Amino acid sequence: MNGAKIRFEKVLKAYGELRVLEDLDFHVDDGEVVAIIGPSGSGKTTVLRVLMTLEGIQGGTIYVDGEPLNLMRQNDRLVPASKAHIRRIRSKIGMVFQNFNLFPHMTALENCIEAPVQTKGLTKAEATGEALGLLEMVGLTDKRDHYPSQLSGGQQQRVAIARALAMRPEILLFDEPTSALDPEMVGEVLNVIRDLAKSGDYTILLVTHQMGFAREVSDRVCFFDGGVMVEEGRPDEIFGNPGNERLKQFLSKVLEAT
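A short tour of the structure in this document, coming up. Quick caveat: nothing in here was measured; it's all calculated off a predicted structure.

Quick look at the nonpolar core
Grouped burial of nonpolar side chains is what soluble globular proteins tend to show.
Argument step 1. V159, I161, L172, F174, L196 and I204 are the most contacted members of the largest nonpolar core, which totals 39 residues.
Argument step 2. Of all elements in the fold, only α3 (108–119), α4 (124–137), α5 (153–165), β9 (171–175), α6 (183–199), β10 (203–207) and α7 (211–217) reach the threshold of two or more residues within this core.
Argument step 3. Ranked by residues supplied to this core, first place goes to α6 with eight residues.
Argument step 4. Aside from chain neighbours lying at most four places away, what touches L196 is M137, I161, L165, L172, F174, Y202 and I204.

Structural data, given as structure tokens:
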């Protein structure tokens, strides 16, 4: 695991007595595309939320590029991380949420330039130039001046991807990026993610219920259940020859429903 871009060591996440992640050991290598699958309540989204520091953890350590995210070194010992330390490491990570989370009072272009100007120190001209390139990449140049309410769900999600990329992340997190979309809009979003996965420019962690897509784009698939990683392997192993009985049950139900 020397090349691990992301590493969880004995991570515990609990809400009172409910343990959502149970002493989780998990890693994603630099440049790897990893899909997380599993039933509702298995801890899939929680992995992304604690990595993005949207939620705290109660035990263990999360590392990004070999640096602890929730701790920092001070006088040869590890202490709870400062806000500045967390911001510095989190700046390497971009997240795309299932419900878009765009600013409703900003146009597509404004949504993409706000954070780079405010947090990356880019001039408005620099941020605008980059944002226009990203909107072109996701096929939305003609929607640059549209507000979220004027866009379809698929278009909003593509703006959200462009907004995440505008922060120049090294790591991309996708949390069920198509679950809030009408079926006919799913393909346009998956095409963008597919291109990002093929580019090799990012380490990608994808939580998805799209089994066929997970099989297609992932280097590795991890099956979570009850807050633990039950099985992991290459897509052909996980989907073609699952060894765990719980995984077999999950796949049979999910694939039956599609």
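Now that the structure is up, let's keep going.
Some details on the pairing of strand β12 (residues 228–233)
Argument step 1. Relative to β12, strand β11 (residues 220–225) runs antiparallel, the two being bridged by five bridges. Across the sheet, residue D225 finds its bridge partner in β12, namely V228.

Side note on the sheet that holds strand β4 (residues 59–64)
Argument step 1. As summarised here, the arrangement of the four strands in space is β2-β1-β4-β5, forming an open sheet in which the pairing is antiparallel. The sheet is open, and its two edges are formed by β2 (18–29) and β5 (67–68), each paired on a single side.
Argument step 2. Relative to β4, strand β1 (residues 4–15) is paired through five bridges, and the arrangement is antiparallel. Along β4, the bridge assignment pairs E9 with T61.

Quick look at the packing of α3 against α5
Between two packed helices, the angle of one axis relative to the other and the distance separating the axes together describe the packing.
Argument step 1. At their nearest, the axes of α3 and α5 sit 8 Å apart, and the two run at 25 degrees to each other. Classified by the angle between their axes, α3 and α5 sit roughly parallel to one another. Pair α3 / α5 crosses with right-handed handedness. Residues A108, N111 and C112 of α3 pack against V159, A162 and R163 of α5.
Argument step 2. Taken together, the residues that form the contact of α3 with α5 break down as four nonpolar, one polar and one charged.

Thresholds, definitions, all that
Residues numbered from 1 in each chain as written. Predicted model: local features only at pLDDT ≥ 70, side-chain atom pairs only at ≥ 80, totals over all residues. Heavy atoms only, no water. Core = buried A, V, L, I, M, F, W, Y, C linked by side-chain atoms within 4.5 Å. Buried < 20%, exposed > 50% of the residue type's maximum accessible area, 1.4 Å probe, protein only. Helix = DSSP H or I, 4+ residues; strand = E, 2+ residues; numbered from the N terminus. Contact = heavy atoms within 4.5 Å. Pairing = 2+ DSSP bridges. Axes fitted to C-alpha atoms, helices over the stretch in contact; angles between N-to-C directions. Parallel < 35°, antiparallel > 145°, perpendicular 65-115°, else oblique. Left-handed = near helix turned anticlockwise from the far one by under 90°. Nonpolar A, V, L, I, M, F, W, Y, C, P; charged D, E, K, R; others polar.

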